[in-house]
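Here are the chains, one letter per residue:
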Amino acid sequence: MLSGWENYGTLLIASFTHLWIIIPAVVLGILVGAIPGFSAQNTLLILLPLTLVMDIDTSMAFMVSVYCASHMGAGIPAILINMPGTGGHAATCLDGFAMTKQGRSQEALAISAFASVVGGLFTTILAIAFLPFLSRMGLYLHSVDMVVIMVFGLCLIAMIATDDLVKGLIAGFFGLLMGVVGTDFIYGTPRATFGFIELYEGVPLVPALIGLLAISEALVMFERESVALSSEEARQKVSGWTGTFEGIHQCIRQWWILAWTSFIGLLIGIVPGAGASIASFVAYAQARLFSSDPQSFGRGSPAGLIAAESSNNGVTSGTLVPLLAIGVPGGTTAAVMAVVLQYNGVLLGPRLFTDRPETAYGIFFSMLAAYIVMVFLVLPLARYVGTIVLVPTRVLVPLILSLTVVASLANRGYVFDIYVALVFGVIGYICRRTGYNVIAVLIGVLLGPLFEQYLLRSLRLGQGDLQILFSSSIGNTLWGLLVLSLALQWWKGRRMRRALRNGPAAKETINPY
Amino acid sequence: MLAETAFMNRRGFLKIAGSFVAASAVGGATGKGFAANYPSRTFDVIVPTREGGGADGLSRAFINSWKDKIGQNFERQFSPGAAGQVGYELYFKQREMDGSNLLFGNVSAEMIMYALQKPDFKFPEDIYYFCGIDTDPCGIWVSGESPFTSVEEVVETAMKRPVSIAVSRLPHPGTIGLLALAEATGAQFNIIPYGGGNPQVVAVLNGEAECGGGGTAGYIEGARILGVFDREEFVLAETRGDVPLINEVFGTDIPSLYSTRSWAVHRSWADANPDDYKVLQDTSAAVFDDPRFKEEIVQSGVTPWDGVRFRDQSTCMELAQSMVELATKYGDQLTAG
């Protein structure tokens, strides 16, 4: 085990000796993250022959840098063109793209970069400081507890559907229904696949997200001149550095949300298989719940964007914990890292921390160095990248639609996935035009399969007895917190409605989603 | 249903373009003409599981030696899903039967999938498994903190109340072993599929499931193997220690149950091109004598070296056939129907 500040300092300095590989890896990570459909996992797989021949510390520095930077890069298309490249960035679109439409793209990109970096740094430091404890943490959470965490995420459907609860719930259930397409988790029986083997693994997530958000948005964009609602105002906002400074200021002002939601990301990331999708929605729901201005969420709230971005970067530190501590990768990218570690004869598990502490902790220190590099590389870019809002929609929309084709195809290589994206694009467009909540559909599609997986597993463990859902102390505590959250939400809503009835803003009830 | 034109990637494009160029170059050469130069291009391999798993590491180590012996490189595509069905259907429906398209799969688990899910190909008519690589004996294991110290205790408890056993997936030889043991002893096992080896391991380590069932080759620090479904000997005794054979403990007659990863090829191509097929068989068998292969397996720890052994076509096909029969026998318990 590593102990003493001197050792930590030595490792931190050692991680900076890998700057020569960290800097290009960060650039590469941002680029692949910014191309929807590509991911750190695909990139690392392609580059596996290269990483296998590097020495283990250099190769891990390279891989964690690509991984962290790709998480940050994926926020860029989500903010600028409403196109999340991964499930973990769907929540980024909610407020990120809303800010873009208000001409605040530069501010949104700065928030995304700053929240990602600080969230990542904070959780990496936590991981280094409490690694032995955190490694046990993943083992404390059982399937039953995960069911409650999923319900936390699913409750967001009800939260965002307050303007038209019936339509919101219909949309949410439609999403959940889409989520059950594919083979069931116990027997592998195909459900609603209509004979398409491409649907056996469920509705492909990236094409569905791209369709629901990006294609439907592009279709709506056809109806106006520019992405930003007021192009002149947008021109003023993207020129100069004001937006960048405003974004940083917002993050510093709302440091508590940043810290809290990145911590949520870290905790959920530790649970193998959970991942950024659930983390970002749970964090978003929590930020909204405790916000003094919940109505601004979905309308370009910096707090909403901070929550989504810091949590999904918190996940990056979390997923590495079970990999190193018990030899179980917390996600697909971690699985690729496991290949490299094992190839180099590194024995994963508790003994890693006693036998090779410099490797175990060195990975987190490299992550720390990568985040520091990102501050200097990414923040200055916000000003220039943000100008995309000035591109006329007649140019931008065909570009977005072309990109959706590439993004849909990139993940699995099936032409079928392009059709999935188009179908979901039409569904999203109809939802937008008829007042059904697109985000509610999306949450159902994203979290439905995870919820079903944990629920079925729990019920199988309890041999069909529903009491299993209330059999764990952690789970019961979470149930209690869930009830409290919902009660708090109801109470705040009631208070706000009363205030609105008596105030001048009573008429403003447009659904932002 | 997998549309014939559904998959078109960079390689697909290059393949078509390359075919045109090659066809013009040889001026209408026949298939025979190509056969003399076999293998004439990079092998495309479908792996019906996720990257990062055992099949990934094992196939990589094998390829690193095999490519020098056969004179061509290998490009792998991972197509997981539906217990391997996605990868197999992709292989049989969208890959040319030209000897340059191979499949690397888990014979035991995927033949159970074949029997239960009835995918769109025929066994044994369509496929030859020709080079089995490893042996992963199935058994029952527990975490280091488990109160169970022997397989007798597990069965004894399971005769009084259901004992939860985590498996990676239901269509697996390990599950069949558990069902056979339950049938023979009257034990009640609550078998829970976790959808992969990693979540299965976590479930056993965190105590959510009382035991783990399935392969014993994967190293899990602190775990204890209580018994294996092997009729003769525990092949991993050298690395995993002495483990009782379940048949000996309970006097049962359960067949040996193990997983074997193997290379496979379209049978019609192999039957039509016996000389080329022999090249595949001979060069793959030669990999086992290559010290580099051993070194890589030992270094990566992807599977214990004492479990690595060559299985030829007839042994692999026999194993596959026996798995189809066992899966058919226990079909009702392995499926929702």
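Residues numbered from 1 in each chain as written. Chains lettered and ligands numbered in written order. Predicted model: local features only at pLDDT ≥ 70, side-chain atom pairs only at ≥ 80, totals over all residues. Heavy atoms only, no water.

(A) Spotlight on helix α8 (residues 105-129) of chain A. The end-to-end C-alpha distance of α8 of chain A, which contains 25 residues, comes to 36 Å, matching closely the 36 Å that a straight helix rising 1.5 Å per residue would cover. Of all 25 residues making up α8 of chain A, 20 are buried, and the element is well covered by its neighbours. (Helix = DSSP H or I, 4+ residues; strand = E, 2+ residues; numbered from the N terminus. Expected span 1.5 Å × (residues − 1). Buried < 20%, exposed > 50% of the residue type's maximum accessible area, 1.4 Å probe, protein only.)

(B) Structural context of the confidence of the model for chain A. Residue and element names in this part refer to chain A. Per-residue confidence for chain A averages 84 on the pLDDT scale, and 93% of its residues sit at or above 70. Ranking the elements of chain A by mean pLDDT puts helix α13 (residues 231-238) last, at 60, and helix α23 (residues 416-434) first, at 92. A low-confidence stretch, residues 506-513 stays under pLDDT 50, and its non-local contacts, those more than four residues away or across chains, total 22 contacts. (pLDDT = per-residue confidence, 0-100. Contact = heavy atoms within 4.5 Å.)

(C) Geometry of the nonpolar core. Residue and element names in this part refer to chain B. If you look at the biggest cluster of nonpolar residues, it comprises 271 residues, and the most contacted ones within it are Y129, F189, W263 and L280. Counting contributing residues, this core receives three or more from each of domain 1 (10-135 + 260-334) and domain 2 (136-258). Residues contacting Y129, with those up to four places away along its chain left out, are Y88, V107, M111, F123, S262, W263, A264, Q313, C316, M317 and A320. If you look at the next biggest cluster of nonpolar residues, it comprises seven residues, including A217, V235, L236 and L245. (Core = buried A, V, L, I, M, F, W, Y, C linked by side-chain atoms within 4.5 Å. Domains from an automatic or database assignment.)

(D) Up close: the domain arrangement of chain B. All names here are of chain B. Each assigned domain of chain B is listed with its residue range as follows: domain 1 (10-135 + 260-334) and domain 2 (136-258). For domain 1 versus domain 2, the separation of C-alpha centres amounts to 29 Å. Counting residues at the interface gives 26 residues for domain 1 and 23 residues for domain 2. Summed over both sides, the interface between domain 1 and domain 2 buries roughly 2000 Å², with carbon and sulfur atoms accounting for 66% of that surface. Ranking the residues of domain 1 by area buried against domain 2 places T135, D306 and Y330 at the top, with a combined share of 29%. (Buried area = accessible area lost by both parts, 1.4 Å probe.)

(E) Representation of the interface of chain A and chain B within the structure. Contacts between the two partners involve 43 residues from chain A and, on the opposite side, 45 residues from chain B. Carbon and sulfur atoms make up 58% of the area that chain A and chain B hide from each other, which totals about 3800 Å². On the chain A side of the interface with chain B, the three residues burying the most area are Y187, I197 and Y343 of chain A, jointly 17% of the side's total. The tally of links between chain A and chain B comes to one salt bridge. Ionic pairing is found between E201 of chain A and R50 of chain B, a salt bridge with its closest N-O pair at 2.9 Å. Remark: the boundary between chain A and chain B carries eight residue pairs in polar contact (both at pLDDT 80 or more). (Salt bridge = Lys/Arg side-chain N within 4 Å of Asp/Glu carboxyl O. Polar contact = N/O pair within 3.5 Å; in protein donor to acceptor, adjacent residues only side chain to side chain.)

(F) Looking closely at the packing of aromatic side chains. Counted under the stated rule, the structure contains 29 aromatic pairs over all chains. When the centroid spacing of 5.5 Å and the interplanar angle of 80° are considered together, the rings of F62 of chain B and W66 of chain B count as edge-to-face. Within this pair, F62 of chain B and its partner W66 of chain B are both found in helix α3 (residues 54-70), separated by four residues, close to a single helical turn. There is no split in this pair, since F62 of chain B and W66 of chain B are both buried. Aromatic pair F288 of chain B and F293 of chain B: ring centres 5.8 Å apart, planes at 80°, arrangement edge-to-face. With a relative accessible area of 14%, F288 of chain B lands in the buried category. Lying over the aromatic face of Y436 of chain A, K167 of chain A brings its terminal NZ or CZ to 5.1 Å of the ring centre. (Phe/Tyr/Trp six-rings, centres within 6.5 Å; stacked < 30°, edge-to-face > 60°. Lys NZ or Arg CZ within 6 Å of the ring centre and 35° of its normal.)

(G) Highlighting empty space enclosed by the protein. All names here are of chain A. Enumeration according to the criterion identifies three cavities of 30 Å³ or more in this entry. Counted as a void, the largest cavity has a volume near 100 Å³. Lining the largest cavity, in full, are I30, M72, I76, L109, S112, A113, V378, L381, A382 and V385. Elements that contribute at least two residues to the lining of the largest cavity include exactly α8 and α21 (381-385). A breakdown of the residues in the lining of the largest cavity according to their chemical character gives nine nonpolar, one polar and no charged. (1 Å grid on protein atoms, 1.4 Å probe; cavity = no way out; pocket = protein on both sides within 12 Å on 5 of 7 lines; lining within 4 Å. Points joined across faces, edges and corners; volume = space filled by probe spheres on them. Nonpolar A, V, L, I, M, F, W, Y, C, P; charged D, E, K, R; others polar.)

(H) Just the pattern of salt bridges, in detail. Residue and element names in this part refer to chain B. Here the structure, examined in full by the defined rule, presents 19 salt bridges over all chains. In this structure, E89 engages K93 in a salt bridge whose closest nitrogen and oxygen atoms are separated by 3.2 Å. Of this pair, E89 and K93 both sit in helix α4 (residues 85-94), separated by four residues, roughly a single helical turn. One exposure class covers both E89 and K93, and it is buried. A salt bridge links D282 to K278; the nearest nitrogen and oxygen atoms lie 2.7 Å apart. A residue pair is termed a helical-turn pair when its members lie 3 or 4 positions apart in one helix, as D282 and K278 do in helix α12 (residues 274-286) at four residues. Looking at D282, the relative accessible area reads 41%, which means it is partly exposed. Given the relative accessible area of 46%, K278 is considered partly exposed. Among the charged side chains, a salt-bridge network with shared partners connects D68, K69, D290 and R292.

(I) Spatial organisation of the packing of helix α16 (residues 275-289) of chain A against helix α17 (residues 302-326) of chain A. All names here are of chain A. Axis separation between α16 and α17 bottoms out at 8 Å; the angle between their running directions is 145°. The interaxial crossing formed by α16 with α17 has right-handed handedness. From α16, G275, A276, A279, S280, A283, Y284 and A287 reach across to α17, where they touch A303, G304, A307, A308, S311, N312 and V315. Here the residues of the contact of α16 with α17 sort into nine nonpolar, five polar and no charged. (Axes fitted to C-alpha atoms, helices over the stretch in contact; angles between N-to-C directions. Left-handed = near helix turned anticlockwise from the far one by under 90°.)

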